[in-house]
Amino acid sequence: MAEIALPGGVVLRPMTDRQMSRAIQVLAAPAEFSGGPNSVQVSRFHQWAVTREQSYPVRSYKQGMPEHPQPSIFPSLEEPVQRLVIALRVVCGGSVVATRPIHLQHDDDFPRDVEGSAALPAVGLADVNRPTLLLTEDHVDAVRRVYEALAAPAVAGDRSLQVSLRRFVFAGSKSLPEDRLIDLNICSEALFIKRGKIKGGQKGAPAAEAAGQMLAGDPVLGVERTEIERFFKETYRLRNAEIHGDRPVQKTMTLLGGAKSEDLARFIEDLARLLGRAIQLVLAELTRPQPDVTC
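Residues numbered from 1 in each chain as written. Predicted model: local features only at pLDDT ≥ 70, side-chain atom pairs only at ≥ 80, totals over all residues. Heavy atoms only, no water.

Considerations on the overall build of the chain
Consideration 1: Counting its secondary structure elements, the chain contains nine helices and nine strands.
Consideration 2: Projected onto the principal axes, the alpha-carbon positions of the chain cover approximately 75 × 70 × 30 Å.
Consideration 3: Within the chain, the proportion of its 295 residues that are buried is 38%.
Consideration 4: The contacts of the chain with a sequence gap of at least 6 include a subset with a gap of at least 24, amounting to 64%.
Consideration 5: Working note: accessible area of the chain is about 17900 Å², and carbon and sulfur atoms make up 53% of it.
Consideration 6: Between the centroid of the 36 positive side chains of the chain and the centroid of its 36 negative side chains there is a distance of 5 Å. (Helix = DSSP H or I, 4+ residues; strand = E, 2+ residues; numbered from the N terminus. Buried < 20%, exposed > 50% of the residue type's maximum accessible area, 1.4 Å probe, protein only. Contact = heavy atoms within 4.5 Å. Areas by Shrake-Rupley, 256 points an atom, 1.4 Å probe, with all protein chains shown as cover. Lys, Arg positive; Asp, Glu negative; His and termini not counted. Charge placed at Lys NZ, Arg CZ, Asp CG, Glu CD.)

Listed below in structure tokens is the structure:
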């Protein structure tokens with residue numbers, strides 16, 4: 001895919017050589033020295049940027065130019081970038097973060113300002129061993145839907161959903177599967193407990209039941225309700241052992257679908273897939289047009 005257009009003039013595209021050079025200079029892209037002090041390598045997974053272009057008219061003093069001309073303010077990319085990070089994590093999994101905003105002249109503009117400018121905020125963590133992969137047109141369509149839904153007032157005002165989204169993204173940045181397990185369980189509780197109207201001290205089994213009700217028969221997952229509930233109960237067992245510093249009762253885990261594994265990372269990938277799909281269903285419900293009611 002050459003580029004992916006999003007609403008509001010926002011485009012996800014590979015950086016040009018000039019943009020890439022500037023990103024390396026301001027530490028906005030992970031780079032490794034190779035072959036000498038002036039040679040670096042940047043993975044193809046780190047060469048994409050969220051961009052927005054704005055044109056400014058060329059004026060001269062003969063056109064009534066003011067004494068101190070001021071260009072229009074360039075629209076911020078912070079909010080759409082954060083929405084896109086969430087959408088990519090929810091739909092595609094992996095680990096993706098936004099780095100640093102850079103202002104540059106267009107490559108075709110002249111005369112050229114080589115340096116441009118960049119803000120230097122702290123850059124969030126990402127696990128470079130688990131890149132987020134946007135592979136198919138179906139993924140692109142789903143990312144667009146989630147991206148647009150995240151801007152809806154009903155979504156912004158749903159506190160439990162916002163907690164879920166934040167923890168889901170946090171989990172993606174962690175390199176240890178044990179840390180991802182804890183964050184994804186917090187995401188699960190925030191997502192299912194209030195929607196399932198769960199009360200009382202015991203949360204694991206009721207939350208698993210609420211997850212089963214929501215995800216059973218979903219055509220994307222294709223997993224039976226009993227399997228979903230079984231999986232979430234095992235997730236709670238593993239989470240309890242981790243946060244209490246205990247050893248798991250069983251070392252072998254049952255993955256979604258019934259396969260056995262001793263690899264916690266594989267188990268966590270299944271959990272993230274379930275929660276990502278659940279988040280998409282909640283977003284669709286909150287943004288579904290309401291029918292007109294005539295009295």
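Points about the side chain of Glu227
Consideration 1: Within the secondary structure, Glu227 sits in helix 8 (residues 225–243).
Consideration 2: If we skip the residues at most four places from it in the chain, Glu227 touches Leu255, Leu256, Gly257 and Gly258.

As for helix 6 (residues 177–192)
Consideration 1: A rise of 1.5 Å per residue sets the reference length of helix 6, with its 16 residues, at 22 Å; its end C-alpha atoms lie 22 Å apart and thus fit the reference within 8%.
Consideration 2: Three or more residues of helix 6 are buried, namely Pro177, Arg180, Leu181, Asp183, Leu184, Asn185, Cys187, Ser188, Ala190, Leu191 and Phe192. (Expected span 1.5 Å × (residues − 1).)

Looking at the confidence of the model for the chain
Consideration 1: On average, residues of the chain score 88 in pLDDT, and 94% of them reach the 70 mark or higher.
Consideration 2: Here strand 3 (residues 32–33) stands out as the element of the chain with the lowest mean pLDDT, 82, in contrast to helix 9 (residues 264–287), whose mean of 96 is the highest. (pLDDT = per-residue confidence, 0-100.)

Things to note about the environment of Leu165
Consideration 1: Examined against the element boundaries, Leu165 turns out to sit in helix 5 (residues 159–173).
Consideration 2: Spatially, the C-alpha atom of Leu165 lies 7.9 Å from that of Ile279, the residues being 114 residues apart in sequence.
Consideration 3: Aside from chain neighbours lying at most four places away, what touches Leu165 is Ile86, Val90, Leu150 and Ile279.

A look at the sheet that holds strand 1 (residues 4–6)
Consideration 1: Read across the sheet, three strands follow the order 1-2-5 without closing on themselves; strand pairing throughout is antiparallel. A single partner strand is all that each edge strand has here, and the edge strands are strand 1 and strand 5 (48–51). Each neighbouring strand pair of the sheet contributes to a mean axis angle of 20°, computed without reference to strand direction.
Consideration 2: Of the strand pairs in this sheet, strand 1 and strand 2 (residues 10–14) are connected by three bridges, and their pairing is antiparallel. Its bridge partner being in strand 2, Ile4 is matched across the sheet by Leu12. (Pairing = 2+ DSSP bridges. Axes fitted to C-alpha atoms, helices over the stretch in contact; angles between N-to-C directions.)

Points about the nonpolar core
Consideration 1: Counting residues in hydrophobic clusters, the biggest one holds 57 residues, and the most contacted among them are Phe232 and Leu275.
Consideration 2: Looking at this core, the element that brings in the most residues is helix 9, giving eleven residues.
Consideration 3: If we ignore the near neighbours within four places in the chain, the residues touching Phe232 are Ser188, Phe192, Ala208, Ala211, Leu215, Leu271, Leu274 and Leu275.
Consideration 4: Within the second largest apolar cluster, eight residues are counted, among which are Ala23, Ala28, Val42 and Ala49. (Core = buried A, V, L, I, M, F, W, Y, C linked by side-chain atoms within 4.5 Å.)

Quick look at unusual backbone geometry
Excluding glycine, residues mostly carry a negative phi; peptide bonds, for their part, are mostly trans.
Consideration 1: Positioned with a positive phi, Leu27 is a non-glycine residue whose angle comes to about 60°.
Consideration 2: For Leu27, the location among the structural elements is in the loop between helix 1 (17–25) and strand 3.

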